[in-house]
Amino acid sequence: MWVGVCLPCWRAWGGRGMRCGESDLGWPLVGRAEELAFVDRAMADGRVRGVVLAGAAGVGKTRLAREVLRSAAGRGAATCWVAATDAAATLPLGAFAPLLPTLGGIDRVDLLGRVSEQLVTRAGGRRLVLGVDDAHLLDQTSTALVCQLVMTESAFVVLTVCRRARVAESITMLWKDELAERLELAALSRPDTRELLSAALGGQVDGATWHQLFDLTLGNALFLRELVRGGLATGALRAIGGVWRWDGPMGAPPRLIELVTARIGHLTARQRAPLELVAFGEPLPAGVLQRAGVPGGELEELERAGLLTSETIGHRVQVRLAHPLFGEVLRSAAPALWARTANRELAEAFEFVEGRRAGGCARLAAWRLAAGVRCDPALLVEAGHEAVARLDPTFALHLARAAIEAGAGHEAHYLLATSLARCGHCREAEAAFSEGENSALSDAERASVATERAHNLRWGLDRPGEAEAVLCQAERVVAEPAWRAELATARAGFRVYDGHCAEALRLTSTVLQPVTTRTTTRLRAVSIAGQALGLTGRLDQAIAATRRGLEDQHRADGEADPLLRLQLEMGLVAAYVWSGRLLEAQRLAQDGYDRGLARRSSLETVAFGGWLAAAARARGQLHAASQVIREAVERGRSSEVSSHRQFLHRLLADMALCAALTGEVGVAETALAQATSLPGSPSCVSRMWCGLAQLWVTAARGERSTAVQLALGVADEAARHDLATFELIALHDIVRLGEPADVVARLRRVGSGVEGPLARAFTAHATAAAAGDGAGLSRAVDQFSALGAQLLAAEAAARAAAAFRAAGSCAQALAEAARARTLAGSCEGARTPALNELEGPPGLTRREREIAELAACGLSSKNIAQRLVVSVRTVDNTLHEVYGKLGINRRAELVPLFGAHRSGAPSGDDRPRGRVIGMSRAGESK
């Protein structure tokens, strides 16, 4: 079956250009701006008469060529499209047959001239642009026609050819003789793949999903499209919480298998065997393949054929398949018995060449289990510990169960319990821990078991008292100082989240001083101490300590313990954000987030995703922050992360905060309600996050006075726990809400004890705002801008404009207002009280503005009075004052003045409300 130009399109061609195949354009063209610009330059160059688009099958040559023709038609050119195929190549001018309805009986000598003449005549005096897909498949006569059109300057040709295909010499001469430009088309990059997926699916795509899709397709647009189609058809790819996510294994659907099989081509038995070995074990050292009976010459031959690739790493040559989908196809086609044989051969060869070196036990155990052969229990346990360290608890659980079945002892039961906990099966994990508590354990084993069990009880099952009891019981038995330090470190971690940072620092100091403390324990203590220092405002100390810890960890074991690295880097990112080092925070969080995506670790992507969103929000990148936090929330619900219960409170609170800052009140209220209704008791730190979110959700509803009271409640609770960083943030939020005079003295006192440039900017902002000092507020704008805190800078500029206006300095007021609008324009839809005042009518007090905004949203005087805890008469009197100042007579006239500044505000009192964690409406501790 071959395809050319359909006759209806040919007949309509003279008026509108080639339109055939538009159904193929459902996926937008992404990542080809440079290539399109290259072709445009070639078409504008009178010396160039064509372009040849070369690349691997599926990279998007046809899609780009079609877009070139569409663009040319839009500029008035006559366009025509033909597609060459193997079948059409058996006939002279086979690909052009649909264009030749009246050329029967013409002598072959005149054929090319007549066809060329007819094409030019049909163009009607316009420039002719001819697209030929798969030009390497053209028959000789068709090839001659294309060359004649080029030589006679009758048409500009756009040809596509496959990179490894044999191309006719006459086509090759077009670019060799510089009559045409040749453009090598690469596959899409990782960011371009993400953009294409988002555009094609019409929404945000989960980071792990698009990373995995890229890793499997390597940016091949055809493979990507077929994989997505298959995922949509099976329901594996679906939108969850507004984010497209692939749930389950990502396998190739039948259509894609056919495409990849065709690309691999026919394989002899001698070629297939080594390829299948690589498919079941890639990447593999070349020495392992040679030990398995594959001659080096065969590997070289397969690499030349484009089926394998090799890379020298250190002194080793690593071999893998040329494309990840080759492995999917080869594994799916391999008979079950041969698959077992291949895994057994790989295990034997790998153990002979590599031995049971650190980091290789997990691969060795996986091959042995897949081969169905007996496996050493000690190997399975060691492999399980490797999997836990790599943050792969699912595989660790599989290995633990296999080890127990193979007769392993109590260490395998401990591995089982730990893996169950890390997978989120917390009740099963506690049962497994309980079964082994009377076993005869060494101090090292007892401390390790107690630590893991306590974490499962505290974070997985919300039983903090029992978690504490487990640690105390272990301390009574464990005598070795190094392992007692491990138990003290675990207790210190609990103390931080409970808001007892002084106690946490005391405990970590007892761990950090003795020389007997293990390196991993010491580094974990550094991580906890860094968090405690950060929460209490000693941010410079936190940064210095955590940086040293990361340097020590890298020297000690590099990548050996990703969980420890995660804990250290999370503490460092937090200190960076709170101190105002926002660019450093964003870079570090992005690196950790990308690393988690590459490792397919939900724990890492959730942990770093939350802080990446916080850094983006602090910089005013609210849309980017909302995207990341939505994705992190959905990942945070997964079983792998459920054992870290404290994450989800914080993530949902941040989601509510981001939505509130952009005026999406409904989204904000829903997220906050979910955060405050999660099962279990939130930690003190989680209550801080939820309290900050709630005050901004309240402000977004227009209840600014209530929001101020909630902020005071957060500040008071933070003060009771000596959490100076949260106290300062809450007090500064009151300044942002427009009531600086109430808190300026307290904020200056707290700010003096919090390290970092952001605290100094907070203090300067509050001082100037309380004094109505326009010049001081303008300097605060400069301070925030220097830190990259664009939203805070925009708000300060808006207040500066108001201060200058009140002082009668009109020119300065206009300048600051313009600066505020410019800064706000970079904040991706920010809608905060300060920015709303910038656009609203001047001359109103904050109470008048608050009531007017609520009335503009359609609330009755009674509803407004209930929200603001004032009398109905007060509301009506205030509205009367507002009408007089604005020169209006009724509520309806408030809507154009105030309604446009807020979105999503619910009418009446039927909005969802979550319970306030740990604080009453007025901010008092419960």
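For the structure itself, consult the block above.
Residues numbered from 1 in each chain as written. Predicted model: local features only at pLDDT ≥ 70, side-chain atom pairs only at ≥ 80, totals over all residues. Heavy atoms only, no water.

(A) Geometry of the overall build of the protein. Across its full length, the protein holds 46 helices and 11 strands. The 926 residues of the protein split such that 56% are buried. Total accessible area on the protein is roughly 37,700 Å²; 52% of this is exposed by carbon and sulfur atoms. Placing the 107 positive and 102 negative side-chain charges of the protein at their respective mean positions leaves the two points 3 Å apart. (Helix = DSSP H or I, 4+ residues; strand = E, 2+ residues; numbered from the N terminus. Buried < 20%, exposed > 50% of the residue type's maximum accessible area, 1.4 Å probe, protein only. Areas by Shrake-Rupley, 256 points an atom, 1.4 Å probe, with all protein chains shown as cover. Lys, Arg positive; Asp, Glu negative; His and termini not counted. Charge placed at Lys NZ, Arg CZ, Asp CG, Glu CD.)

(B) Main features of the nonpolar core. Counting residues in hydrophobic clusters, the biggest one holds 153 residues, and the most contacted among them are Leu535, Trp578, Trp611, Trp696, Leu723, Phe726 and Phe784. If sequence neighbours within four positions are ignored, phenylalanine 726 has contacts with Leu535, Trp578, Val685, Met688, Trp689, Leu692 and Ala718. (Core = buried A, V, L, I, M, F, W, Y, C linked by side-chain atoms within 4.5 Å. Contact = heavy atoms within 4.5 Å.)

(C) Geometry of the packing of aromatic side chains. Taken as a whole and assessed by the stated rule, the structure comprises 9 aromatic pairs. Considering the side-chain rings of tryptophan 578 and phenylalanine 726, the 5.7 Å spacing of their centres and the 65 degrees angle between planes classify their relative orientation as edge-to-face. On the criterion of sequence distance, the pair formed by tryptophan 578 in helix α27 (residues 562-579) and phenylalanine 726 in helix α36 (residues 724-736) is long-range, its members being 148 residues apart. Per residue, the accessibility class of tryptophan 578 equals that of phenylalanine 726, and both read buried. An aromatic cluster is built from Trp578, Trp611, Trp689 and Phe726, whose rings are joined through pairwise contacts. Just above the ring of tryptophan 611 sits the side chain of arginine 650; from NZ or CZ to the centre is 4.2 Å. Geometry around tryptophan 689 places arginine 650 over its ring, the cationic atom sitting 4.3 Å from the centre. (Phe/Tyr/Trp six-rings, centres within 6.5 Å; stacked < 30°, edge-to-face > 60°. Lys NZ or Arg CZ within 6 Å of the ring centre and 35° of its normal.)

(D) Just the packing of helix α23 (residues 481-497) against helix α24 (residues 501-512), in detail. Relative orientation of the contacting elements α23 and α24 amounts to 160 degrees, with a least axis distance of 8 Å. One finds that α23 runs roughly antiparallel with respect to α24. In this structure, the crossing between α23 and α24 has a hand that is left-handed. Of α24, the residues touching α23 (which contributes Ala485, Ala488, Thr489, Arg491, Ala492, Arg495 and Val496) are Cys501, Glu503, Ala504, Leu507, Thr508 and Val511. (Axes fitted to C-alpha atoms, helices over the stretch in contact; angles between N-to-C directions. Parallel < 35°, antiparallel > 145°, perpendicular 65-115°, else oblique. Left-handed = near helix turned anticlockwise from the far one by under 90°.)

(E) Geometry of the state of the cysteines. All told, the structure shown has 0 disulfides when counted by the stated rule. Left unpaired, cysteine 162 is separated from the closest cysteine sulfur, that of cysteine 147, by 18 Å. The thiol sulfur of cysteine 472 is not disulfide-bonded, and the nearest other cysteine sulfur, from cysteine 501, lies at 20 Å. Classification of cysteine 472 by relative accessible area gives partly exposed; the value is 27%. (Disulfide = S-S within 2.5 Å.)

Note that all results are geometric; they support no functional claim without further evidence.
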